[in-house]
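Each chain, written out:
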Number of protein chains: 2
Amino acid sequence: MNWQAVDRYAKSLIKEAGHKIRISFFNKIHIDSKADPNDLVTNIDREIEQFFISRIQRDFPTHKIFGEEGFGDNIVSLDGIIWILDPIDGTMNFVHQKRNFAISLGIYAEGVGMLGYIYDVMGDDFYHAAKGEGAYFNDELLPELEPTPIHEAIVGINARWVAPNRYVNNEKIMDLITTCRGTRSYGSAAMELSYVASGRLDAYISTRLSPWDIAGGIIIAQEVGAVATNFNGDKPGLLSQEPFIVARPGLHEQILTNYIEMKK
Amino acid sequence: MNWQAVDRYAKSLIKEAGHKIRISFFNKIHIDSKADPNDLVTNIDREIEQFFISRIQRDFPTHKIFGEEGFGDNIVSLDGIIWILDPIDGTMNFVHQKRNFAISLGIYAEGVGMLGYIYDVMGDDFYHAAKGEGAYFNDELLPELEPTPIHEAIVGINARWVAPNRYVNNEKIMDLITTCRGTRSYGSAAMELSYVASGRLDAYISTRLSPWDIAGGIIIAQEVGAVATNFNGDKPGLLSQEPFIVARPGLHEQILTNYIEMKK
């Protein structure tokens, strides 16, 4: 596989998709919700996923596609080459804000992350990484992340997990948010991963993410030394929803040990 | 007073300050903290405030200046014409993220908001309003805000207030965040106010803000029909720190009545 050629192809495809999303605001967007009434999806999410699939199937017919909107392949293992795609990560922001959403793409070979991309479409900020080659913000090489003490850390976390919930002990989360320097919440896991990779956040935590939310971002984050795992400290699974934490080295272990207590 | 001329002057001054802030990233920034170790201030906050003051004193010698960094006048009443300035709102973001901070400026005549500005310096997004003339996002007139039901609302609130705190009953805040569609937290009151004015957030709540955090934003928000008050439902004070809520009409009353219970 000529990964440099795949990289050039993927970048160009993502930029073209970003352009399609920007011009979609000229027309009325059709909004539906999924099982959860707050889990929104639009015709644009669907059209952009179909755009990716038609191009990838034409140009890389042996590759498989695992996408949020379900138009890709039925993926039950990580065998072969798989493009794991979220056409619009942060659909609620796309609908309500017309900004703060991202295209997220990770390309995996036999389960190993080879190429990762996060494109903040309205900010025109492009994050990308190739395995072993470092991670880039636009054309700038991102530096290796240094440790940060918890009391100087800014943590990305949704306020929802500070209230009682079925996933984690919220009293421990209260300890976390009163110990760290500050918290932020942007409503797009991919954007929050890109913020950890570029040092704008020191950690990001979510109790439940899907493979397409993180597949691109973890490749980028790992190239700068961030640690990304589920709440057991294991490598994130890429076949089902799981809890997720990514953080600077050291801080990851500290948060997981002292502040995350999963409910049985 | 020729307010149109003041408006042109203020816009030009803010853009020039924004340029100074952007080029400040070429040099090392000196960071101090105030009484609270997480309340950061830098040499750039101070230099930008002094830049505004020197220009305003030269060109409008009868006007007073009320600024976060304390280089302006000692303001004990709202008599006369007062420029209420935060040179960098969101200093923690300025330091940690090099983005997501804003210049905030409100110009008041005998306590009445005449001109309001919020400039997202790195995003180059300029929000402005003149009393009775509507509010603008860049050069686009912002539409009047329509009511939104609470279960479809996105609320700007820091996770800190979901944990026990000395200002509000956090159990009520838990009810709010589990009832609304979603929450966000950006770490800059001025940016969050600009998001409410432009419909990107439906409400924004903070337990304690200073006059310079809100002075520009409330003029902009009110021009599109948003309601801005303290937690008693009164007009925000502009001489001291107070709790603050701004929201779409209807939603403001609903949140204040059902979800905000101040501690004695």
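About the thresholds
Residues numbered from 1 in each chain as written. Chains lettered and ligands numbered in written order. Predicted model: local features only at pLDDT ≥ 70, side-chain atom pairs only at ≥ 80, totals over all residues. Heavy atoms only, no water. Core = buried A, V, L, I, M, F, W, Y, C linked by side-chain atoms within 4.5 Å. Buried < 20%, exposed > 50% of the residue type's maximum accessible area, 1.4 Å probe, protein only. Contact = heavy atoms within 4.5 Å. Helix = DSSP H or I, 4+ residues; strand = E, 2+ residues; numbered from the N terminus. Expected span 1.5 Å × (residues − 1). Arc of directions from axis to C-beta. Polar contact = N/O pair within 3.5 Å; in protein donor to acceptor, adjacent residues only side chain to side chain. Pairing = 2+ DSSP bridges. Axes fitted to C-alpha atoms, helices over the stretch in contact; angles between N-to-C directions. Parallel < 35°, antiparallel > 145°, perpendicular 65-115°, else oblique. Nonpolar A, V, L, I, M, F, W, Y, C, P; charged D, E, K, R; others polar. Least-squares fit on C-alpha atoms with pLDDT ≥ 70 in both. Domains from an automatic or database assignment. Buried area = accessible area lost by both parts, 1.4 Å probe. Salt bridge = Lys/Arg side-chain N within 4 Å of Asp/Glu carboxyl O.

Here we look at the nonpolar core
Here is step 1 of the chain: Among the nonpolar cores identified, the biggest contains 80 residues, and Ile84(A), Phe244(A), Val246(A), Ile84(B), Phe244(B) and Val246(B) are the most heavily contacted of them.
Here is step 2 of the chain: Look past the residues within four positions of Phe244(A) in its chain and what remains in contact with it is Leu193(A), Tyr204(A), Ile205(A), Ser206(A), Leu209(A), Ile214(A), Ile218(A), Ala228(A), Thr229(A), Asn230(A), Phe231(A) and Pro236(A).
Here is step 3 of the chain: Membership of the second largest hydrophobic core comes to 48 residues, among which are Met174(A), Leu251(A), Leu256(A) and Ala203(B).

Details of helix α1 (residues 3-24) of chain B
Residue and element names in this part refer to chain B.
Here is step 1 of the chain: Taking 1.5 Å of rise per residue, the 22 residues of α1 would be expected to cover 32 Å, and the 31 Å separating its terminal C-alpha atoms lies within 8% of that figure.
Here is step 2 of the chain: Of all the positions in α1, only Val-6, Asp-7, Ala-10, Leu-13, Ile-14, Ala-17, Gly-18, Ile-21 and Ser-24 are classed as buried. The buried residues of α1 all sit within an arc of 145° when viewed along its axis, so they share a single face. In α1, the exposed positions that point more than 90 degrees away from the buried face belong to Gln-4 and Arg-8.
Here is step 3 of the chain: In the core, the buried residues of α1 are packed alongside α2 (43-59), β4 (81-89), α3 (91-96), β5 (102-109), β6 (112-120) and β7 (125-130).
Here is step 4 of the chain: The opening residue of α1 is Asn-2, an N-cap whose side-chain oxygen sits 3.2 Å from the backbone nitrogen of Gln-4.

Section: the sheet that holds strand β10 (residues 154-156) of chain B
Residue and element names in this part refer to chain B.
Here is step 1 of the chain: Strand order across the open sheet formed by 5 strands is β11-β10-β12-β14-β13, with mixed pairing between neighbours. In this open sheet, the two edge strands, each paired with only one partner strand, are β11 (182-184) and β13 (227-229). Going from strand to strand, the sheet's axes swing by 15° on average, the running direction of each strand aside.
Here is step 2 of the chain: As paired strands, strand β12 (residues 203-209) and strand β14 (residues 242-247) are joined by 5 bridges and run antiparallel to one another.

Remarks on the packing of helix α4 (residues 170-179) of chain A against helix α7 (residues 251-259) of chain A
Residues and elements named next belong to chain A.
Here is step 1 of the chain: Where α4 contacts α7, the two axes come as close as 9 Å, and the packing angle between them is 135°. In terms of their interaxial angle, α4 and α7 are classed as oblique. Contacts from Lys-172, Ile-173, Asp-175, Leu-176 and Thr-179 in α4 reach Ile-255, Asn-258 and Tyr-259 in α7.
Here is step 2 of the chain: Looking at side-chain class alone, the contact of α4 with α7 contains 4 nonpolar, 2 polar and 2 charged residues.

Some remarks on the side chain of Asn93(B)
Here is step 1 of the chain: Tracing the sequence through the fold places Asn93(B) in helix α3.
Here is step 2 of the chain: Filtering out sequence-adjacent residues up to four positions away, Asn93(B) remains in contact with Arg184(A), Lys98(B), Arg99(B), Asn100(B), Tyr186(B), Gly187(B) and Ser188(B).

Structural notes on the relation of the copies chain A and chain B
Here is step 1 of the chain: Its rotation angle being 180°, the transformation that places chain A on chain B also includes 0.0 Å of axial translation and leaves an RMSD of 0.0 Å. What we have between these two chains is a two-fold relation.
Here is step 2 of the chain: An overlap of 100% is found between the interface residues of chain A and their copies at the interface of chain B, pointing to a shared contact surface.

Things to note about the domain arrangement of chain A
Residues and elements named next belong to chain A.
Here is step 1 of the chain: According to the domain assignment, chain A contains domain 1 (3-141) and domain 2 (150-259).
Here is step 2 of the chain: Just the C-alpha atoms count here: the centres of domain 1 and domain 2 sit 21 Å apart.
Here is step 3 of the chain: In this assembly, domain 1 packs against domain 2 so that about 2200 Å² is buried in total across both faces, 66% of it on carbon and sulfur atoms.
Here is step 4 of the chain: Joining domain 1 to domain 2, the criterion identifies 0 salt bridges.
Here is step 5 of the chain: Counting across the interface, domain 1 meets domain 2 through 10 residue pairs in polar contact (both at pLDDT 80 or more).
Here is step 6 of the chain: Here the element with the most residues in the side of domain 1 that touches domain 2 is strand β6 (residues 112-120); it accounts for 7 residues.
Here is step 7 of the chain: When its residues are assigned to classes, the side of domain 1 that touches domain 2 shows 20 nonpolar, 13 polar and 6 charged.

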